[in-house]
Amino acid sequence: MKLNQPLNKLYVLGLLFIGAFSVIFQSTEVSAEANYPEIPEATIFDGHVKASISYDKDHSPSYTAVGDTVTVTTTLEKLDEGVLSDKYKQSSVVILFPDETQGLQLKGEPTFQYNMAPYGWTTSGKFVDSTKELQTDVLLCFNIGKIIYYQDSNVTYDGRMTEIPIANELDDGPYEDDYALQKILIHKGDTVTLSYKAIVTEDALKNDKFTLHTAIYDSTLGEMGNGDFDWDHILTTSMPSIQNLGISFDEATKDKKIDIKDDSSYQTTLTGSWAGAKDDISPILTINGKEVSVPDGSFKEDGTFEIPVDLKDMGNIGKNNVHIKISDSNGQVAEDDAVITLVQALVPPQIKLSDSLANASISVFPTDQSLTIDGEWKDKDSNAVSLFYKLNGQERVLQDNVSNTAKDSWLPFSQEISLADLNTGDNQVEVYAKDAEGQLSNHESFKIILNQGNVSFKSIDPEIQFNKMVISGTTVYSSPQATVGVVVEDTTGIPKDWQLKVKQTTSFSDGTRDLPAQLTYLNGEEKLSINDSSAVGLPVVQNNATDYSLQQDANHQFQLAVSPGAYTGEYQSQLEWTIERAP
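Model, not experiment: these values are computed from the prediction.

Criteria and thresholds
- Note on numbering: residues in each chain are counted from 1, in written sequence order.
- In keeping with the model being predicted, local features are shown solely for residues with a pLDDT of at least 70 and side-chain atom pairs are shown and tallied solely at 80 or more, while totals for entire chains, interfaces and linings include all residues.
- Note that the side-chain values use all heavy atoms of the structure and ignore hydrogens as well as water.
- Only DSSP runs of H or I with at least four residues qualify as helices, and only runs of E with at least two residues qualify as strands; both kinds are numbered from the N terminus onward.
- Radius of gyration here is computed from C-alpha atoms only, and the compact-globule reference equals 2.2 Å multiplied by the residue count raised to the power 0.38.
- Any residue under 20% of the maximum accessible area for its type is buried, any over 50% is exposed, and the rest in between are partly exposed; the area is computed with a 1.4 Å probe on protein chains only.
- Reported accessibility uses the Shrake-Rupley method at a 1.4 Å probe radius. Residues are deemed covered only where the shown protein chains occlude them.
- Neither His nor the chain termini are counted; the positive set is Lys and Arg, and the negative set is Asp and Glu.
- Think of each charge as sitting on NZ of Lys, CZ of Arg, CG of Asp or CD of Glu.
- At least two bridges found by DSSP between two strands is the condition for calling them paired.
- For a helix, the expected span equals 1.5 Å multiplied by the residue count minus one.
- Only rings of Phe, Tyr and Trp enter the pairing, Trp through its six-membered ring, and a pair is recorded when the two centres are within 6.5 Å. The plane angle decides the type: under 30 degrees is stacked, over 60 is edge-to-face, the rest tilted.
- In this analysis an axis means a line fitted to C-alpha atoms, helices contributing only their contacting stretch, and an angle means the value between N-to-C directions, from 0 to 180 degrees.
- Between two residues, a contact is recorded if the distance between any of their heavy atoms is within 4.5 Å.
- What pLDDT expresses is the predictor's confidence in each residue, scored from 0 to 100.
- Counting of polar contacts relies on pairs of N or O atoms within 3.5 Å, with two restrictions inside protein: one atom must be capable of donating a hydrogen and the other of accepting it, and residues adjacent in sequence are counted only when both atoms are side-chain atoms.

J.: What's the story with the overall build of the protein in this structure? I'm lost.
T.: Of the regular secondary structure elements, the protein holds four helices and 39 strands. Computed over C-alpha atoms, the radius of gyration of the protein comes to 49 Å, more than 25% over the 25 Å expected from 2.2 N^0.38 for 583 residues, which places it beyond the range of a compact globule. Dimensions of the protein, computed from the C-alpha atoms along their principal axes, are close to 155 × 65 × 35 Å. Taken across its 583 residues, the protein has 44% of its residues classed as buried. Looking at the protein as shown, the accessible area adds up to about 28700 Å², and 45% of this sits on carbon and sulfur atoms. Taken together, the 43 basic and 86 acidic charged side chains of the protein have centroids lying 3 Å from each other.

J.: What exactly am I supposed to notice about the pairing of strand S2 (residues 41–44) here?
T.: The side chains of a regular strand alternate, residue by residue, between the two faces of the sheet. Of the two faces of S2, the one holding Ala42 and Ile44 is buried and the one holding Glu41 and Thr43 is not buried anywhere. Here four bridges tie S2 to strand S3 (residues 49–57), and the two strands are oriented antiparallel to one another. Its bridge partner lying in S3, Ile44 is registered against Val49. The turn linking S2 back onto S3 is made up of four residues, and Phe45 within it adopts a positive phi angle of 50°.

J.: When you look at helix H2 (residues 133–150) in this model, what are you seeing that I'm missing?
T.: Given 3.6 residues to a turn, an α-helix orients residues that are three or four positions apart in the same direction. An ideal rise of 1.5 Å per residue puts 26 Å on 18 residues; H2 measures up with 26 Å between its terminal C-alpha atoms. Glu133, Leu134, Gln135, Asp137, Val138, Leu139, Cys141, Phe142, Asn143, Gly145, Lys146 and Tyr150 are the residues of H2 that are buried. Phi turns positive, to about 50°, at Gln151, one or two residues after H2.

J.: Help me out: how do you make sense of the packing of aromatic side chains in this one?
T.: Remark: the centre distance and the inter-plane angle together describe each pair of aromatic rings, the angle taken between the planes. Applying the stated criterion across every chain yields a total of 16 aromatic pairs. Judged by centre distance (4.5 Å) and plane angle (10°), the ring pair of Tyr149 and Trp231 falls under stacked. One end of the pair, Tyr149, is in helix H2; the other, Trp231, is in the loop between strand S11 (228–229) and strand S12 (235–238), with 82 residues separating them in the sequence. Overall, the relative accessible area of 26% leaves Tyr149 in the partly exposed class. Given the relative accessible area of 5%, Trp231 is considered buried. Ring geometry for Phe299 and Phe305: centres 5.6 Å apart, planes at 35°, overall tilted.

J.: Where do I start with the sheet that holds strand S39 (residues 575–581) in this structure?
T.: The strands that make up a sheet pair up through hydrogen bonds in the backbone, lying either parallel or antiparallel. With antiparallel pairing, three strands are arranged side by side in an open sheet as S35-S32-S39. Edge positions in the sheet fall to strand S35 (536–538) and S39, since each of these pairs with one other strand and no more. Mean inter-strand twist for the sheet, computed between neighbouring axes without regard to direction, equals 40°. Relative to S39, strand S32 (residues 498–504) runs antiparallel, the two being bridged by seven bridges. Along S39, the bridge assignment pairs Trp498 with Arg581.

J.: Just to check I follow, could you spell out the side chain of Gln559 for this structure?
T.: Relative to the helices and strands, Gln559 is located in strand S38 (residues 556–562). Residue class for Gln559 comes out buried when judged on its relative accessible area of 16%. Contacts of Gln559, omitting those with residues within four sequence positions, involve Phe466, Tyr477, Ser478, Gln518, Leu519, Thr520, Leu522 and Lys527.

J.: What's the story with the confidence of the model for the protein in this structure? I'm lost.
T.: The pLDDT averaged across the protein works out to 87; a share of 93% of its residues lies at or above 70. When the criterion is pLDDT under 50, residues 1–21 qualifies, and its contacts beyond four places in sequence or with other chains add up to 56 contacts.

J.: Would you mind showing me how to read unusual backbone geometry here?
T.: If a residue is not glycine, its phi is most likely negative; likewise, a peptide bond is most likely trans. One non-glycine residue, Phe45, lies in positive phi territory at about 50°. Tracing the backbone shows Phe45 in the loop between S2 and S3. Looking at Phe45, the relative accessible area reads 1%, which means it is buried. Positioned with a positive phi, Asp408 is a non-glycine residue whose angle comes to about 65°. With respect to the helices, strands and loops of the structure, Asp408 is situated in the loop between strand S25 (394–403) and strand S26 (411–418).

J.: Explain the sheet that holds strand S14 (residues 255–260) here, please?
T.: Pairing is mixed in the open sheet, where five strands are placed in the order S14-S20-S19-S16-S17. The sheet terminates laterally at S14 and strand S17 (290–292), the two strands that pair on one side only. Direction aside, neighbouring strands of the sheet carry axes that sit 30° apart on average. Relative to strand S20 (residues 333–344), strand S19 (residues 318–327) runs antiparallel, the two sharing ten bridges. From the neighbouring strand, His323 faces S20, where its bridge partner is Asp337.

J.: How should the environment of Asn442 be read in this particular structure?
T.: Structurally, the position occupied by Asn442 is in the loop between strand S27 (425–435) and strand S28 (444–450). C-alpha of Asn442 to C-alpha of Glu430: the two residues are twelve residues apart in sequence and 9.8 Å apart in space. In contact with Asn442, not counting residues within four places along its chain, are Pro349, Gln350, Ile351, Val431 and Tyr432. Here Ile351 takes part through its backbone oxygen, which lies 2.9 Å from a polar atom of the side chain of Asn442. Polar side-chain contacts of Asn442 include one of 3.1 Å to the side chain of Glu444.

Here is the structure:
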């Protein structure tokens, strides 16, 4: 678009676009001379669309002050079903905002969203690239036209506009048009919402008010019917009058949270910004409705304030409402609110292991199934704790949700843990507590050493005493006076793979003569001869998980047979016990 001549009611705009299009402009201006009428809402595009403008401002609703954040929103709503006529094919929405010298500093990028009523979908639209010729020319036309119709010569607007179908009419075309208004305002209730945020700066103090606008270009208007702005229906709404007195808490104070650990935690500083004459302000600070003194020097020359306060006597655990108000001799008043939340810091639980476990190394064998972890814990304020242990870094529950029956007192605990997942050798164990608020206690540790296990003699009776026998001309028999104690311990944890064997290494003798005798083991109906030629395997019975004993009952026992020709006396022999494992 090339502008070579003065505009006459901007009808030239329609001609240059080679077709009808409509442009909706949203703007904010600050001017004492402009004379826009107050029109916050109107129907546009031949009654098919309702357009409205509104704003939302933080801090006081009664006045506009330096530091206020303003959100300006324009909403378009489709009033009937059906696609807009082709004469609105190039309709567009343009967000306009004044340059920063007028006292509004843009905060972030403007946003554009549309909602498809039948589906409830809300989607973001896309603006024309702000460096494109189209946007530059549209803004130029608007800035010239507003001077003609509303004597608004103090502000130059920048902005963003949504896409419209432009092919080769401009040197830097074609343009994307996926988000053209004709393509998205289709169903009754469909809406387009565009908004931007701006911060009121000190430059605003040279003006007496803020007026917010939305301007509409309708392609059916104009002397030749080829398009013109609807200058009679500029959407307009006004914000409260500007004053040069203002105050606001900063983000650090606006919603401050303080963890109370000791008395010094109650001391904090309220910070923010203010505007006005330093020698002509009277501050009043209240916390929970109680007035608090403001020390001299709290309000700085650079427009900031720092007010130290001690909340110990006036603060409550939880939310505390803070209100600050300043006034001057001209009757101006500025005020703001903040909320300070005091959080009572919780004390984490404590735990200690029994003396037999703390930092100890506990040896176990594969046959050991469990181990008892015991000790004490305490918690000052929680209603319940859970106890955990880590075995080689893997967390497991020791005791879950244990009631804190005596707060801040040591309470005992004892719990067996399974040893099924031990590794051979060292296994690290950590024990700790977690309270209902998720705070962790100290970690106590010990070591479990899993040995590979072994098969060995646990006990052997040092001698076997046989009952006395009377020598006769026939073979006589004798049995032991008592059960023979032979116990084997197997800590390997695997199925039995060994055999108990015995061998007689010397004959029965009294030191002079040998006794003609044969030692046997009765294994049921089988007689097992015990001599010095080879070791004989004997049966055993399992007593528990690790212990095995030589089987001895009426059918399983030793027997000594003495042949005729023996001499009286006391005779002894030696036995050799062995454990033989399977290859």
